[in-house]
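Chain residues, written in single-letter form:
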Amino acid sequence: MKFRGLIFANLFRKKIRLILTVGSFAVALFLFSFLAVVKGAFGRGADIAGADRLVIINKVSIIQPLPLNYKDKIMRIPGVVAITHNNWFGGVYQDEKNFFPQFAIDPENQRKVIPELKVPDDQWANFLKDRQGAIAGAKTAARFGWKIGDKIPIKTTIFGGANTWEFNLVGIYHSEKAGGDESQFWFQWDAFEEGVPKTFKDRIGWYVVKIENPDDAPRIAKAVDDMFSNSDFETKTETESAFAAGWVKQFGNIEFLILTIGGVVFFTLLLVTGNTMAISVRERVGELATLKAIGYSDRTILFFVLAESLLISLIGGLIGLGLAMLAIPVLASALNGLLPTLILSPAILSVGLGTALLVGLVSGLLPGIGAMRMRVVNALRRV
Amino acid sequence: MVRVDGTGRSNSLIQVRGLDKTYKRGGEEIQVLQRLNLDVDKGDFVAFMGPSGSGKTTLLNLLGGLDVPTHGSITVAGDEVTNMSASKLTQWRARHVGFIFQMYNLIPVLTAFQNVELPLLLTKLSKAERRRHVETALGVVGLAERMNHYPRQLSGGQEQRVAIARAIVADPTFLLCDEPTGDLDRKSADEIMNLIIRLVKEYGKTVLMVTHDPVVAKLADLELHLEKGLLVEAGQVQQNAYAGGAA
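Residues numbered from 1 in each chain as written. Chains lettered and ligands numbered in written order. Predicted model: local features only at pLDDT ≥ 70, side-chain atom pairs only at ≥ 80, totals over all residues.

Asks: Break down the overall build of chain A for me, citing the residues and quoting the values.
Replies: Helix and strand counts for chain A come out as 14 helices and twelve strands. Relative to a compact globule of 383 residues, whose C-alpha radius of gyration would be 21 Å, chain A shows 29 Å and is clearly more extended. With respect to the principal axes defined by its C-alpha atoms, chain A has extents near 95 × 45 × 30 Å. Here chain A, with 383 residues, has 35% of them falling under the buried criterion. Excluding contacts between residues fewer than 6 apart, the proportion of contacts in chain A whose partners are at least 24 apart in sequence is 83%. (Helix = DSSP H or I, 4+ residues; strand = E, 2+ residues; numbered from the N terminus. Rg over C-alpha atoms; globule rule 2.2 N^0.38 Å. Buried ≥ 20, exposed ≤ 12 C-beta atoms within 10 Å, placed from the backbone. Contact = placed C-beta atoms within 7 Å.)

Asks: Give me the lowdown on the interface of chain B and chain A, citing residues and values where you can.
Replies: Taken together, the contacts link 19 residues of chain B with 18 residues of chain A. In terms of residue count, the dominant contributor to the side of chain B that touches chain A is helix α2 (residues 86–96) of chain B (five residues).

Asks: An account of the packing of helix α1 (residues 4–11) of chain A against helix α12 (residues 298–334) of chain A is needed here, citing residue identities and associated values.
Replies: Residue and element names in this part refer to chain A. Put simply, α1 and α12 touch, their axes get as near as 10 Å, and they point 60° apart. By the angle between their axes, α1 is oblique relative to α12. Read as a crossing pair, α1 and α12 show a hand that is right-handed. For the pair α1 and α12, the contacting residues are L6, I7, N10 and L11 in the first and F304, A307, E308 and L311 in the second. Here the contact of α1 with α12 is built from residues that sort into six nonpolar, one polar and one charged. (Axes fitted to C-alpha atoms, helices over the stretch in contact; angles between N-to-C directions. Parallel < 35°, antiparallel > 145°, perpendicular 65-115°, else oblique. Left-handed = near helix turned anticlockwise from the far one by under 90°. Nonpolar A, V, L, I, M, F, W, Y, C, P; charged D, E, K, R; others polar.)

Asks: Give me the nonpolar core: which residues, what numbers.
Replies: In terms of nonpolar packing, the biggest core is built from 91 residues, with V46 and A165 of chain B touching the most fellow members. Element by element, the count of residues in this core is highest for helix α5 (residues 156–168) of chain B, at six residues. Residues contacting V46 of chain B, with those up to four places away along its chain left out, are V2, V40, L208, M209, A220, D221, L222 and L224 of chain B. In terms of nonpolar packing, the next biggest core, distinct from the first, is built from 23 residues, V55, I74, W206 and Y207 of chain A among them. (Core = buried A, V, L, I, M, F, W, Y, C linked by C-beta atoms within 7 Å.)

Asks: Give me the sheet that holds strand β7 (residues 174–178) of chain B: which residues, what numbers.
Replies: Residue and element names in this part refer to chain B. Sheet architecture is open: six strands sit in the order β6-β7-β8-β3-β9-β10, paired in mixed fashion. A single partner strand is all that each edge strand has here, and the edge strands are β6 (97–100) and β10 (230–233). Each neighbouring strand pair of the sheet contributes to a mean axis angle of 25°, computed without reference to strand direction. Sheet topology places strand β3 (residues 45–49) next to strand β9 (residues 222–227); four bridges connect them, and they run parallel. For A47, the partnering residue across the bridge sits in β9 and is E223. Those strands touched by helix α1 (residues 56–63) are β3, β7, β8 (206–210) and β9, and its axis lies near 150° from that of β8. (Pairing = 2+ DSSP bridges.)

Asks: If you had to explain the packing of helix α10 (residues 254–283) of chain A against α12 of chain A to someone new, which residues and values would you point to?
Replies: All names here are of chain A. Their axes nearest at 11 Å, the elements α10 and α12 cross at an angle of 140°. In terms of orientation, α10 lies oblique with respect to α12. At the point where α10 passes α12, the crossing takes the right-handed sense. Side by side, α10 and α12 meet where T273, M277 and V281 of the first sit next to V305, S309 and I312 of the second. Counted by class, the contact of α10 with α12 contains four nonpolar, two polar and no charged residues.

Asks: Let's hear about the domain arrangement of chain A: which residues, and what values?
Replies: Domain annotation of chain A identifies domain 1 (4–44 + 252–381) and domain 2 (60–233). In this structure, domain 1 of chain A and domain 2 of chain A have C-alpha centres spaced 47 Å apart. (Domains from an automatic or database assignment.)

Asks: Got a sec to walk through the environment of V208 of chain A? Specific residues and values, please.
Replies: All names here are of chain A. With respect to the secondary-structure elements, V208 resides in strand β11 (residues 206–211). We classify V208 as buried; it has 22 C-beta atoms within 10 Å. Sequence separation between V208 and N86 is 122 residues; the distance between their C-alpha atoms is 8.1 Å. Excluding anything up to four places from it in sequence, V208 contacts R53, V55, T84, V113 and I114.

Asks: Account for the sheet that holds strand β1 (residues 14–25) of chain B, naming residues and giving values.
Replies: Taking strand neighbours across the sheet as the criterion, the four strands line up as β2-β1-β4-β5 (chain B) in an open arrangement whose pairing is antiparallel. Lying at the two open borders of the sheet, with one neighbouring strand each, are β2 (28–40) and β5 (79–80) of chain B.

Asks: I'd like a rundown of the pairing of β1 of chain B, residues and numbers included.
Replies: All names here are of chain B. Summarising the sheet, β1 and β2 pair through nine bridges and their orientation is antiparallel. By the bridge assignment for β2, V16 is matched with L38. With antiparallel pairing between neighbouring strands as the criterion, β1 and β2 make up a hairpin whose turn holds two residues, including G26 at a positive phi of roughly 65°. Bridge analysis of β1 against strand β4 (residues 71–76) gives five bridges, and the strand direction is antiparallel. Within β4, the position partnered with D20 by the bridge is H71.

Asks: Give a description of the pairing of β9 of chain B that names residues and reports values.
Replies: All names here are of chain B. Both β9 and β10 contribute to a ladder of four bridges, which runs antiparallel. Counterpart to L226 in the pairing with β10 is L231. Here β9 hands over to β10 after two residues, with K228 in that stretch at a positive phi of 50°.

Asks: Report on the confidence of the model for chain B, specifying residues and quantitative values.
Replies: Averaged over every residue, the pLDDT of chain B is 90; the share at 70 or more is 94%. Taken together, the chains of this predicted complex give a pTM of 0.74 and an interface ipTM of 0.91. (pLDDT = per-residue confidence, 0-100.)

Asks: Please give an account of helix α11 (residues 285–293) of chain A that cites residues and values.
Replies: Residue pairs three or four apart in sequence face the same way in an α-helix, which turns once every 3.6 residues. Buried within α11 of chain A are the following residues: L288, A289, T290, L291, K292 and A293 of chain A. In this structure, the buried side of α11 of chain A is in contact with α12, α13 (346–373) and α14 (376–381) of chain A together with α2 and β6 of chain B. Positive phi shows up at G295 of chain A, right after α11 of chain A, with a value of about 120°.

Asks: Can you tell me about the environment of K42 of chain B, naming the residues and giving the values?
Replies: Residues and elements named next belong to chain B. Its place among the elements puts K42 in the loop between β2 and β3. Using a count of 14 C-beta atoms within 10 Å as the deciding quantity, one classes K42 as partly exposed. The sequence separation of K42 and L13 amounts to 29 residues, and the corresponding C-alpha distance is 5.6 Å. With residues near it in sequence (within four places) discarded, K42 still touches L13, G204 and T206.

Printed below as a string of structure tokens:
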């Protein structure tokens, strides 16, 4: 590119200003990446939820139980293929900071309803044989350095009974879906029933139902809720994705918050860069007029200004995204699983870089058009 | 041969006919040039003089295709400049005009070499060819050994020599000099004028120069004065003055 020397010479003309402007882009892109990753983490449950699954909870709240005997009645509804039930254990492993979700699961039906969370068959067989057996998600196992055969003590905080429950780690599951939750800890429903006080027996936290045809979801959900209306334990049935989205909504409108912050950041960046480019062009009016006088076309002048602003945004954007790539894994591990998986996906990187380039283009456009339209005679008079 | 009466040969390099330029300032119309004629042949060296505001720079801008006349025509090497679109005019300037400005107008962040190379970036010359041309131009102005210096590392006279190298590097049809010695001390001004004379004598360049300095103007083949929007030869100015005095 013949004009490379001229473009780069102009770019590095005011080094402090360049560093500050590039720095603004880097900070904005870092922040954008972080917000996008958090948004993605909150929304991932809804994104990867099975289209053919329904979640049934107590109509009052998810923390209220449902009877175990609903299971057979629900199975009889036409279109229901399988049903499984879970309960939240809410225990503490060594320290409260070491949070990860623990569920008592129904071993008979878990793999029929949630097949994407894969456990090798031999490990699953060992799990079925061992009443104290447990299966951990790959992420949680890696986090604590667990390996099969380890004893995992978990202190109960909800169900009383024995203070610490000890489990034998017999398997590790992986998610087949990218970004799937690999942080759960499962143990057998029977062990749970044996260990909890009488008031908790025959009570489950929620059911997950697999249905034959996703199009039947509204009908089946209505059938379930109608079946138990006016009972002591009324139900609320919704698709798994609606359930996941509702879960996220408990934290507030995360998406709106993130989009608002992101929008303000990029708008401010646009003003900062636009101002920088306007000053930069104003300082060089005489030089640009000279270039025009010696035969540089209006379009070439516009190209120079845009190339400069695009380069600033590109360099700043790449630095910001690079920093995000380094920092987000560190941040994810520092959060100790408090947020779902933080993934800086190629899509986030592309959108971030694309937005940075768009800001660069827009901020260079007005000063560039001004330089393009500038009358040489008037500009030379000012030199 | 330079003529200002509109009777020049039809194959003059530069032919100006009936040139008018009027500016509007506020509600007032100011006529800077009126029905101006000029013929310049290849290899001529013409100096334009006149008081401030007489229209010298306006004439230079019109000849260089930087401004458009209100009426009249300018033809250079057979091309009528006044009929060209803005983009054609830009291309024409790159090919035919070499500009030398009073304040040199070098790009401060580029070296002497890069400044001189600027007009060649618009051509299809290869990098090696561009280098050869730039080195030749800097050699002509005596700055070959300073090609990697930035303008701030050069004296005013050297900066103007770099500007002259930039003006000649693409071998334009003619050079337009706007007060080329206006910002220089006497010694540097003499060096610059010697260089311009050498470009005319040795390289056959056609030069049109605006100056306030009578010493510099006398070095040209012909001095023309702008009076009331018209060009008159220096001798004629004196006659007019005497005639005015007698009256």
